[in-house]
Amino acid sequence: MNGIKKLVISKNAAIKRTGDHRSISFSLNSFIIFSERTYPSKIMKRDQQSIIKRHENIMKLLNEQHEVKVDKLAEVFDISLMTARRDLQLLESKGLLIRYHGGARLNSSYVSNEDLKVQKARDAISNYASTLIEDGDSIFINGSMTAAGILEYLKARNVSVVTNNAFAPGYSKLETIQIQLTGGLLRDHIMVGDYCVRNLLDTYRKKAFLGCSGISPAGEILCGIPAELGINETMISHAKEYFILADSSKLGKTESMGSFTLQNPGTIITDTGADPAIINRLRENGMTVVTIDPQTSQPGKLESEQESVEK
């Protein structure tokens, strides 16, 4: 497959079906990928449910990359070029994208200005977080797309990554990045379950970068997938320092499938559109908060502070 330089799986590796999910069993140290830019997603069946899921994942890629190529979709989802074209044709009929020869781009008229603003903030957060990684670092990345997006901007060399994010190898542009997948039960693109946690219990990294579904006013980290709670907590406790990536739209949320409280102070990276009251409360709780300007991907003042200065 284009982009994969080396793939090693132990003889004891096994893949088996469990209900509607696929359980992947292999040693953490036996599954190592050196990649450029390819999304490892050969998990689709050709029934109606899997087609719907494939279309959802195509839209995820479009939201992240803003355009996709037919041949890349065929490679990513292990489908024929004809099927890939048919998928794009159907999504275009719903007004979700605009096709062109050899690919498609996101229909900007379908996406609201607010959605575009949020995505720009997330890209800026990923970009800034990548600058916190140095040559030779070892890091954790969880199932968050914002966290995985760090690899797209990463310039540091010889970085070792442990992640439960099946999309992570596709973000990597550098051949010197070593990516180890935890294994576990796949839920969408996120690996969860006891097997995943057991592998992480034997692993320690210098830094952990985690996205989340929200941060409550009290400072609780919210997770959309309860099964990832233990995984996130293990990554944080097994790293010398950790960073929580959350754009301003996620601050102040209270509804979630699960949450956990940070026991040790760390760093939260958000954007300049954040509510200053929530920022102050997080800092009072001992957290370091960095606000990133979406225009520059560098630390900047909160928009509310800029407005007060202008007045």
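What you see is a predicted model, and the numbers here were worked out from it, not measured in a lab.

(A) Looking closely at the overall build of the chain. Scanning the chain for helices and strands turns up 11 helices and 20 strands. Of all 311 residues assigned to the chain, the portion counted as buried reaches 50%. Within the structure as shown, the chain displays about 15,000 Å² of accessible surface, and the carbon and sulfur contribution to it stands at 48%.

(B) Spatial organisation of the side chain of Ser144. Among the secondary structure elements, Ser144 is positioned in the loop between β8 (138-141) and α5 (145-148). The residues contacting Ser144, other than those within four sequence positions of it, are Asn165 and Gly211.

(C) Just the sheet that holds strand β7 (residues 103-106), in detail. The antiparallel open sheet is built from three strands, whose spatial order is β5-β7-β6. Of all the strands in the sheet, the pair left with one neighbour each is β5 (67-69) and β6 (97-100). Going from strand to strand, the sheet's axes swing by 20° on average, the running direction of each strand aside. Pairing between β6 and β7: four bridges, direction antiparallel. Bridge assignment links Leu97 to a residue of β7, and that residue is Leu106. Lying over the sheet, helix α2 (residues 70-77) contacts β5 and β7, oriented at roughly 75° with respect to β5.

(D) Seen up close, the sheet that holds strand β15 (residues 221-223). Spatial ordering of the open sheet is given by β14-β15-β17, a layout of three strands whose pairing is antiparallel. The open sheet has two free edges, formed respectively by β14 (214-215) and β17 (258-260), since each of these has just one partner strand. Pairing analysis gives two bridges linking β14 to β15, with the strands arranged antiparallel. Within the sheet, the bridge partner assigned to Ile215 lies in β15 and is Ile221. The strands touched by helix α9 (residues 229-237) within the sheet are β15 and β17, with β17 carrying the most contacts at an inclination of about 20°.

(E) Quick peek at the pairing of strand β11 (residues 184-187). Bridging between β11 and strand β12 (residues 190-192) involves three bridges; their strand directions are antiparallel. If you follow Leu185 over to β12, its bridge partner there is Val192. What sits between the antiparallel neighbours β11 and β12 is a turn of two residues, in which Asp188 has the positive phi angle 60°.

(F) Fine view of the pattern of salt bridges. Scanning all chains against the criterion turns up eight salt bridges. In this structure, the salt-bridge partner of Asp247 is Arg122, at a minimum N-O distance of 2.7 Å. A residue pair is termed long-range when its members are at least 10 positions apart, and Asp247 in the loop between β16 (239-245) and β17 and Arg122 in helix α4 (residues 113-130) qualify at 125 residues. Overall, the relative accessible area of 25% leaves Arg122 in the partly exposed class. Salt-bridge contacts for Lys207 lead to Asp137; the nearest nitrogen and oxygen are separated by 2.7 Å.

(G) How the structure looks around the packing of aromatic side chains. Scanning the model with the defined rule gives one aromatic pair in all. Relative to Phe243, the ring of Phe209 lies with its centre 4.9 Å away and its plane at 10°, an arrangement referred to as stacked. Placement of the pair is Phe209 in strand β13 (residues 205-211) and Phe243 in strand β16, with a sequence separation of 34 residues.

(H) Main features of the state of the cysteines. Inspection of the entire model under this criterion finds zero disulfides. In this structure Cys223 is a free cysteine whose sulfur lies 7.3 Å from that of Cys212, the closest cysteine sulfur available. Here Cys223 falls in the buried class, since its relative accessible area comes to 3%.

(I) Geometry of empty space enclosed by the protein. Scanning the model with the defined rule gives one cavity of 30 Å³ or more in all. By volume, the largest cavity amounts to about 60 Å³. In terms of lining residues, the largest cavity is bounded by Glu64, Gln119, Arg122, Asp123, Ser126, Met145, Thr146, Gly149, Glu152, Tyr153 and Tyr171. Secondary-structure elements contributing two or more residues to the lining of the largest cavity are α4, α5 and α6 (150-153). At four residues, the largest contribution of residues to the lining of the largest cavity is made by α4. Of the residues contributing to the lining of the largest cavity, the split by class is three nonpolar, four polar and four charged.

Conventions adopted
- Residues numbered from 1 in each chain as written.
- Predicted model: local features only at pLDDT ≥ 70, side-chain atom pairs only at ≥ 80, totals over all residues.
- Heavy atoms only, no water.
- Helix = DSSP H or I, 4+ residues; strand = E, 2+ residues; numbered from the N terminus.
- Buried < 20%, exposed > 50% of the residue type's maximum accessible area, 1.4 Å probe, protein only.
- Areas by Shrake-Rupley, 256 points an atom, 1.4 Å probe, with all protein chains shown as cover.
- Contact = heavy atoms within 4.5 Å.
- Pairing = 2+ DSSP bridges.
- Axes fitted to C-alpha atoms, helices over the stretch in contact; angles between N-to-C directions.
- Salt bridge = Lys/Arg side-chain N within 4 Å of Asp/Glu carboxyl O.
- Phe/Tyr/Trp six-rings, centres within 6.5 Å; stacked < 30°, edge-to-face > 60°.
- Disulfide = S-S within 2.5 Å.
- 1 Å grid on protein atoms, 1.4 Å probe; cavity = no way out; pocket = protein on both sides within 12 Å on 5 of 7 lines; lining within 4 Å.
- Points joined across faces, edges and corners; volume = space filled by probe spheres on them.
- Nonpolar A, V, L, I, M, F, W, Y, C, P; charged D, E, K, R; others polar.

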